[in-house]
Each structure stands twice: as structure tokens, then as C-alpha cells.
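Below are the chains, spelled out letter by letter.
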Amino acid sequence: MYESSGKDLLRLLTCGSVDDGKSTLIGRLLYDTGAVYDDQLEAIARATQAGSQTPNLAILTDGLKAEREQGITIDVAYKYFTTERRKFILADAPGHVQYTRNMVTAASNASLAIVLIDARHGVTEQTRRHTLLCALLKLPHLVVAVNKMDFVDYSQARFEEIVADFTDLGLPARFHDTAFLPISALHGDTIVHNSPANLPWYQGPPLLEYLETLPLTSDDDLLRARLPVQGVVRPQTPAHPDYRGYTGRVASGVFKVGDRVTVYPSGLASTLTRIHTHTQELAAAHPQESVSVCLADELDISRGDLLVGSGPAPVVSAMPTATLFWLAEQPLAVGGSYLLQHHSRRVPCRVVGITARYDIATLAEHPAESLALNDIGQVRLQLAEPLAYDPYPVNRALGAAILIDPRTLATVAGVLLLPPEAEA
């Protein structure tokens, strides 16, 4: 994660069962880090019951009236805050099972998930479901926040029981690292500061400190240098009569001046001679940086092509297998025609087979002839032309795509492209 401000960026989401305190947790983080505007403070004061010592912080994320009336979060609420160490984009995912698609949307760009567990109820089916979805989407970092510890008298035994139940499911093994924290979002225990009065037995860092200091250097794939071309720039000014630049956002890896790069799907190769933004020249371009690059040779390159530098060659296939998150009301059926959008490349395709449908609670596979709203399955696609990509399990940045309805241009599915061996 590279930011021009000098601070790196952590994208995270909260998830868990309904009423586990996700909105209150986010509100507490925003409130205690000073990321709340004066009018929001006034709204909190109005929403807080008279005489209460604990402000109603959930109002900071439950912005829709219908959601507040039902006591749930329906849409994905994004909040932004910064500390001296790091910048954050935080998504609050809905807890109801029928909003699985919203949770998938929130998780698709996140690096860390905070799974909340109500200390009174322990691990639930929705806990397993959301954790498995985060594992399927290959989020590297997991925080299990056992919330509402105040309702169980801050019991260490109850916390350890929940940690054991969660661990026995084998879920931590699906992530690069997992942390367990006892918290009370309502009272602020172990959120920004530790709470020696209520939780003297907890010796780990508070949640904010953990989020600020978690190493992120391994999150970006620095091995596979990939730059999807979004446009070709030819200003033809007197100062630069022969300038030809290829613009895009680095999906993964590092590009350096002097690197040998290959263009896909053509397979043509050249040397990278220049990297720059609209304000400065760069010696190297890192993941998530938007740049323009120049090559030593005049090649036929256009929007949708892929510049590949260091690392293994990408997969090139017109018949990929993919994990599909179906997001549309109309069910997916074999034979349907769609547009596959992979970064800046859009390719007509058909769904030629459904290999399996996953049980969201267990990820067990079942035969299926169609996929309904919120279903997750494995499908075979037939593309109108070969696509260059990295499988999602090895490179999240270049293994994700979406399916678009060619008639309405609505997004109907999230796509995780799988390794070639999955295509057999």
C-alpha cells in the first residue's frame, strides 16, 4: 500500500451477526480518533438518551432511516479516518444473510476483516459464514473482536471459551494472521486504549494500535508486475512531438525504468524508458499508483492490453474456470451471455457450465443447474478472445473481475478467476 502522503492505507471491514455491535464499533473508532464533525456530534447528542453516560455512536454509520428503524445495517457504509501512523477506509458490512452480496462487495477491496462476536451468544452460523467468505476472498488479516464483554462481567473464561470454539473450527488457519481481542464498543474498552480496570487480564494491544502497527508489506504482490492499460496519450506538442505514453494503475508488482516488459495478448516486448505522474518523474511505480509509462519501441498497444514486467508469466486462456458471486435477482443459467470486465478489458463471454454451488455456511460443494441471488458457485466461462490474468489465489489484484449484463449494463456477478488446473 503506497500513499503519496507518506502514510500507508489499510482497507478494512467489520462483519458478523446482526446486532453484534458493528456500527457502534465503527462509531467508537471515529469518535475516539476525532474523526467526527460538529454536526455529527450534535446528532449523537440528540440520539443519546437523557442521562446516559454512553453516546449513541451507531448513528454515525446507520445513516438510512429505514435501517435505524429496523435496527440493522442494510447497505455498505464507508467511513474514512486517519491517525498519525496510518490512513483507513472502513466498510461496515450488513449482517443479514440476504445481504451476502453487500458483504462480498465490501470485502473485495479489503485487506483486513474485523469479525465481531457477541460475548453472550458466542460463535454463530453467521460468524462462520462471514469468516468463510473473507477466507474465500483471500483477505490476509483477521481480527476476531469479542464484543459486549460488559454483558458477561468482562469474564476471561468466557472470552477464552469463544476463542477456543472459533479456533476449533479451523478458521484461523485460512488467514495469514489472526488476532483475538476482548472489547466493549459501547464503553470503549480495548478500542483506542486498554482498560486495566475492566480487563486487567488482557495484555495485548488495543484495537486501534493493532490496526496502526499491523505489517502490510506482504499484502501487495510485489513479485508479479502488472499494469492494465487504461489509455494511450499522444499530446504531440512542440516540446514532445513524438511522445507516446500508456496510462494505468499498477495492479501489482513494481515497474522500474529499464525493465523489460511484455504486452499481452500480443506477446510483443520492449524496454520501459520512462515512468511519471502528472507532476513528477519516477524511478519506479508501485502497486495502486496511477502512472504513465513510455517504451523504447513503438508497439501497437491500446486500452485493455496488459503490460507485464517481472515475475511469472500470466495465464492466457479463453476457457477459464471461476468462482462466481451471483448478485442479480434473475438467476444465472447455463448458456447465458455476458460481458467479462477485467480491469480495463471487456470481453464477451458465455457461461458454459456450473461445476458446483457452495454452501455459504460451510463452503461444501453441491451440484447445481443455476445460481440464485447471493449464491456462490464455480463456473466455466467461454470468452470471445483469450484473456491474460493471474489466478485470484495467487494475485487478488489481477484475478478479480465482474460479469455485466450486456442489455442493461448492470453488474450481475463478482468473478474470481481460478488457476488452470481448476479448469480440468
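The residue numbering used here restarts from 1 in each chain and proceeds along that chain's sequence as written. Per-residue local features are limited, in this predicted model, to residues with pLDDT of at least 70; the limit for side-chain atom pairs, both in listing and counting, is 80 or more; totals at the level of whole chains, interfaces and linings are taken over all residues. Calculation of side-chain values draws on the structure's entire complement of heavy atoms; hydrogens and water are dropped beforehand.

Mind laying out the overall build of the chain, listing which residues take part and the relevant values?
We count a stretch as a helix when DSSP gives it H or I for four or more residues in a row; a strand needs E for two or more, and each element gets its number in order from the N terminus. Looking only at helices and strands, the chain has eight helices and 27 strands in total. When a residue's accessible area, from a 1.4 Å probe over protein chains only, is under 20% of the maximum for its type it is buried; when over 50% it is exposed; and in between it is partly exposed. Within the chain, buried positions represent 53% of all 424 residues. Contacts are assigned to residue pairs with any non-hydrogen atoms lying within 4.5 Å of each other. The contacts of the chain with a sequence gap of at least 6 include a subset with a gap of at least 24, amounting to 71%. All accessible areas in this document rest on Shrake-Rupley with a 1.4 Å probe, and a residue is counted as covered only by the protein chains that are shown. Of the roughly 18,700 Å² of accessible surface on the chain, a fraction of 50% belongs to carbon and sulfur atoms.

With reference to specific residues and values, describe the nonpolar core.
Of all hydrophobic cores here, the largest spans 68 residues; its most connected members are Leu 13, Ile 114, Leu 139, Leu 211 and Phe 325. The element contributing the most residues to this core is strand 4 (residues 112-118), with six residues. Setting aside anything within four residues of it in sequence, one finds Leu 211 in contact with Leu 10, Leu 12, Arg 86, Phe 88, Leu 112 and Ile 114. Leu 324, Trp 326, Ile 354 and Leu 387 belong to the second-largest nonpolar core, a separate cluster that totals 25 residues. Only buried residues count toward a nonpolar core, which is a set of Ala, Val, Leu, Ile, Met, Phe, Trp, Tyr and Cys residues joined through side-chain atoms within 4.5 Å.

An account of the pairing of strand 26 (residues 400-404) is needed here, citing residue identities and associated values.
When DSSP finds two or more bridges between a pair of strands, those strands are recorded as paired. Note that strand 20 (residues 337-342) and strand 26 share three bridges and pair antiparallel. The residue of strand 26 that forms the bridge with Leu 339 is Ile 404. Note: strand 26 against strand 27 (residues 411-417), five bridges, orientation antiparallel. Its bridge partner lying in strand 27, Ile 404 is registered against Thr 411. Linking two consecutive strands that pair antiparallel, namely strand 26 and strand 27, is a turn of six residues; a positive phi of about 60° is found at Leu 409 within it.

Report on the packing of aromatic side chains, specifying residues and quantitative values.
In summary, the pairing rule links any two rings of Phe, Tyr or Trp, Trp by its six-membered ring, whose centres are within 6.5 Å, and it sorts them by plane angle into stacked for under 30 degrees, edge-to-face for over 60 and tilted for everything else. Enumeration according to the criterion identifies four aromatic pairs in this entry. Here the aromatic rings of Phe 166 and Phe 180 are separated by 5.8 Å at their centres, their planes lie at 80°, and the arrangement is edge-to-face. Residue Phe 166 is located in helix 6 (residues 156-168), and its partner Phe 180 is located in strand 6 (residues 177-182); the two are separated by 14 residues in the primary sequence. Looking at Phe 166, the relative accessible area reads 0%, which means it is buried. Ring plane angle 75° and centroid distance 5.9 Å describe the contact between Trp 326 and Tyr 338, whose orientation is recorded as edge-to-face. Within this pair, whereas Trp 326 is found in strand 18 (residues 321-326), its partner Tyr 338 is found in strand 20, the two being separated by 12 residues in sequence. The exposure class assigned to Tyr 338 is buried, which follows from its relative accessible area of 11%. Geometrically, a charge over a ring is one whose NZ (Lys) or CZ (Arg) sits within 6 Å of the ring centre while staying within 35 degrees of the ring normal. Here the basic side chain of Arg 120 rests over the ring of Phe 151, its NZ or CZ set 4.5 Å away from the ring centre.

Could you give me a rundown of helix 5 (residues 125-136), with the residues and numbers involved?
Here the expected span of a helix is defined as 1.5 Å times the quantity of residues minus one. Between its terminal C-alpha atoms helix 5 stretches 16 Å, which fits the 16 Å expected from 12 residues at 1.5 Å a residue. Among the residues making up helix 5, those that are buried are Gln 126, Thr 127, Arg 129, His 130, Thr 131, Leu 132, Leu 133, Cys 134, Ala 135 and Leu 136. Lys 138 sits one or two residues past helix 5 and shows a positive phi near 60°.

Run through unusual backbone geometry, naming residues and quoting values.
Along the chain, Tyr 264 connects to Pro 265 via a cis peptide bond; the corresponding omega equals 15°. With respect to the helices and strands, the residue Pro 265 is situated in the loop between strand 11 (260-264) and strand 12 (269-276). Positive phi is not limited to glycine here, since His 343 has a value of about 55°. Among the structural elements, His 343 can be located in the loop between strand 20 and strand 21 (345-358).

How would you explain empty space enclosed by the protein if you had to name every residue and give the values?
The method is simple in principle: a probe with the dimensions of a water molecule rolls over the atoms, and the space it marks as empty is what remains. The distinction between a cavity and a pocket rests on a 1 Å grid over the protein atoms alone: a 1.4 Å probe fits inside a cavity but cannot get out, while a pocket stays open yet meets protein on both sides within 12 Å along at least five of seven lines, and a residue with an atom within 4 Å of a point counts as lining. Grid points are joined across faces, edges and corners, and a volume is the space filled by probe spheres set on the points. Per the counting criterion, the structure on display carries one cavity of 30 Å³ or more. Each pocket or cavity is described by its volume, and for the largest cavity that value is around 90 Å³. Lining the largest cavity are Pro 228, Tyr 264, Pro 265, Gly 304, Asp 305, Leu 306, His 342, His 343, Ser 344, Arg 345, Leu 387 and Ala 388.

Summarise the pattern of salt bridges; cite the residues concerned and give the values.
Should their charged atoms come close, side chains of opposite charge can pair. By definition, a salt bridge exists where a carboxyl oxygen of Asp or Glu is found within 4 Å of a side-chain nitrogen of Lys or Arg. Counted according to the given criterion, the structure contains 12 salt bridges. Arg 158 serves as the salt-bridge partner of Glu 161, at 3.1 Å between the closest nitrogen and oxygen. Of this pair, Glu 161 and Arg 158 both sit in helix 6, three residues apart, which is roughly one turn of that helix. On the accessibility criterion, Arg 158 (18% relative accessible area) is buried. Several salt bridges converge on common partners, so that one network encompasses Asp 118, Arg 120 and Lys 148.

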